[in-house]
Amino acid sequence: MDTKKLGLDIQINLFKFFFDSEYMHYGFWTPGLEVKGPNFKQAQENYTQFLIQHIPAGTKTILDIGCGSGKVADELIQLGYSVTCVSPPSILTEKAAERLAGKAQVHAMGYEDFSTDEKFDLCLFSESYQYIDMHKSFAQCMKFLKPGGHILLADFFRTEAEGTSPLGGGHRLVEFYDILKQQPFDVVEDLDITNDIAPTMILINNLTMDVVYPAVLMVGELIKSRAPWVYKFLVWKFRKKIEKNRVKHFTGQRNPENFKKYKSYRLVVLRKR
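Computed from a prediction, not measured in an experiment: that's the story for all the values here. (Residues numbered from 1 in each chain as written. Predicted model: local features only at pLDDT ≥ 70, side-chain atom pairs only at ≥ 80, totals over all residues. Heavy atoms only, no water.)

Peer 1: Would you take a moment to explain the environment of glutamate 34 for this structure?
Peer 2: Note that glutamate 34 resides in the loop between α1 (3-19) and α2 (40-53). Separated by 165 residues in sequence, glutamate 34 and proline 199 place their C-alpha atoms 9.6 Å apart. Not counting residues within four places of it along the chain, the set of residues in contact with glutamate 34 comprises Trp29 and Asn39. (Helix = DSSP H or I, 4+ residues; strand = E, 2+ residues; numbered from the N terminus. Contact = heavy atoms within 4.5 Å.)

Written out as structure tokens, the structure reads:
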């Protein structure tokens, strides 16, 4: 089982149930917008608008890489863009295909394996860049972009801060810049929006500690009471993974302060030479 895909499938259901949102990305918290559950959807809408505002002028065709639920792609189509999506096979990708039926083609495969003769004005990565090998991402974009085409990516990267980060995911930012220097792309924009994104961690931490963690404990107690030997075996067999996930998810360390320390959230626009 691919735990990353499973996590994303669970995430969309949690966001839909608790926040009435089908967006998959973080929120962009503008001044005056209080960080609380009912406002999360608005913060996500702010993020989408911020993303759209940075689409280079003249863009008509977009390759949406890792389209999530297809929500952003749908909004781009409503704005008049022609969109093609590629996303790994999963329940989430199936939902995107249903949403975009008759509007856009959704290719259920990894970006590294994607192939087409079509050329695009823009390759879009909205919190999907962290899942793709950086060398391969540039090689693929080179093949699919028209001359003068752009890459627009919005995602978090790992900083070089000392200590062990309680927050997983993301490429190393210094490595990204090193690889970028070797690519035939010019930097049009490179914006650090970490402070605008970080408040999202308050809601994610609250959801994890107040909803997910109690549910995990209850499932554990149920297994322990019904099948104690199975419970003991599972705890012994997966003790390292259990402890790793406990520290990562259930110690309250997934907060804005650690996010700002260990992550750098960037919006980057690159132009193919």
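The rest of the description comes next.
Peer 1: I would appreciate a short explanation of the pattern of salt bridges in the present structure.
Peer 2: This structure, assessed with the given rule, holds eight salt bridges. For arginine 273, the salt bridge goes to aspartate 186, with nearest N and O atoms at 2.8 Å. With arginine 273 in the segment after β7 (263-272) and aspartate 186 in strand β6 (residues 185-192), this residue pair connects regions lying 87 residues apart in the sequence. When its relative accessible area of 34% is taken as the criterion, aspartate 186 is described as partly exposed. In the salt-bridge network here, residues are joined through shared partners; they are Asp190, Asp192 and Arg266. (Salt bridge = Lys/Arg side-chain N within 4 Å of Asp/Glu carboxyl O. Buried < 20%, exposed > 50% of the residue type's maximum accessible area, 1.4 Å probe, protein only.)

Peer 1: Would you mind going over the packing of helix α5 (residues 134-144) against helix α6 (residues 173-180) with me for this structure?
Peer 2: Angle between the axes and distance between the axes: these two values describe a pair of packed helices. Their axes nearest at 10 Å, the elements α5 and α6 cross at an angle of 40°. In terms of orientation, α5 lies oblique with respect to α6. Considering only the axes of α5 and α6, their crossing is right-handed. Counted together, Met134, His135 and Phe138 of α5 and Glu175, Phe176, Ile179 and Leu180 of α6 form the full contact between these two elements. (Axes fitted to C-alpha atoms, helices over the stretch in contact; angles between N-to-C directions. Parallel < 35°, antiparallel > 145°, perpendicular 65-115°, else oblique. Left-handed = near helix turned anticlockwise from the far one by under 90°.)

Peer 1: Please explain the packing of aromatic side chains as it appears in this structure.
Peer 2: Each aromatic ring pair is summarised here by two numbers: the centre-to-centre distance and the angle between the ring planes. All told, the structure shown has 19 aromatic pairs when counted by the stated rule. On the numbers, 6.4 Å between centres and 15° between planes, the contact of tryptophan 29 with phenylalanine 40 is stacked. In this pair, tryptophan 29 is assigned in the loop between α1 and α2 and phenylalanine 40 in helix α2, connecting sequence segments 11 residues apart. What makes tryptophan 29 buried here is its relative accessible area of 6%. Residues phenylalanine 156 and phenylalanine 259 carry aromatic rings whose centres are separated by 6.1 Å and whose planes lie at 75° to one another, so their mutual orientation is edge-to-face. Separated by 103 residues along the polypeptide, phenylalanine 156 in strand β5 (residues 145-158) and phenylalanine 259 in helix α11 (residues 256-262) bring together distant segments of the chain. You can call phenylalanine 259 buried: its relative accessible area is 2%. In this structure, lysine 71 is placed above the aromatic ring of tyrosine 23, and the distance from its NZ or CZ to the ring centre is 5.5 Å. (Phe/Tyr/Trp six-rings, centres within 6.5 Å; stacked < 30°, edge-to-face > 60°. Lys NZ or Arg CZ within 6 Å of the ring centre and 35° of its normal.)

Peer 1: Is there a simple way to think about the environment of phenylalanine 19 in this case?
Peer 2: Position of phenylalanine 19 among the secondary structure elements: in helix α1. Its relative accessible area of 13% is what places phenylalanine 19 among the buried residues. Between the C-alpha atoms of phenylalanine 19 and proline 199, which are 180 residues apart in sequence, the distance is 15 Å. In contact with phenylalanine 19, other than residues within four places in its own chain, are Leu14, Gly37, Phe40, Lys41, Leu203 and Leu207.

Peer 1: Is there a simple way to think about the nonpolar core in this case?
Peer 2: Buried together is how nonpolar side chains tend to be arranged in soluble globular proteins. Leu76 and Phe259 are the most contacted members of the largest nonpolar core, which has 35 residues in total. If you list the elements that add at least two residues to this core, you get α2, α3 (71-78), β2 (82-87), β4 (120-126), β5, α8 (200-226) and β7. Ranked by residues supplied to this core, first place goes to α2 with four residues. Look past the residues within four positions of phenylalanine 259 in its chain and what remains in contact with it is Tyr26, Phe156, Leu167, Thr194, Ile197, Ala198, Met201 and Tyr265. Counting 25 residues, the second largest nonpolar core, distinct from the first, contains Phe125, Phe144, Phe176 and Phe185. (Core = buried A, V, L, I, M, F, W, Y, C linked by side-chain atoms within 4.5 Å.)

Peer 1: Help me out: how do you make sense of the environment of arginine 266 in this one?
Peer 2: Mapped onto the elements of the fold, arginine 266 is located in strand β7. Of the residues examined, arginine 266 reaches a relative accessible area of 11% and is grouped as buried. Among the polar contacts made by the side chain of arginine 266, one reaches the side chain of tyrosine 177 at a distance of 3.4 Å. Here serine 264 takes part through its side chain, which lies 2.9 Å from a polar atom of the side chain of arginine 266. (Polar contact = N/O pair within 3.5 Å; in protein donor to acceptor, adjacent residues only side chain to side chain.)

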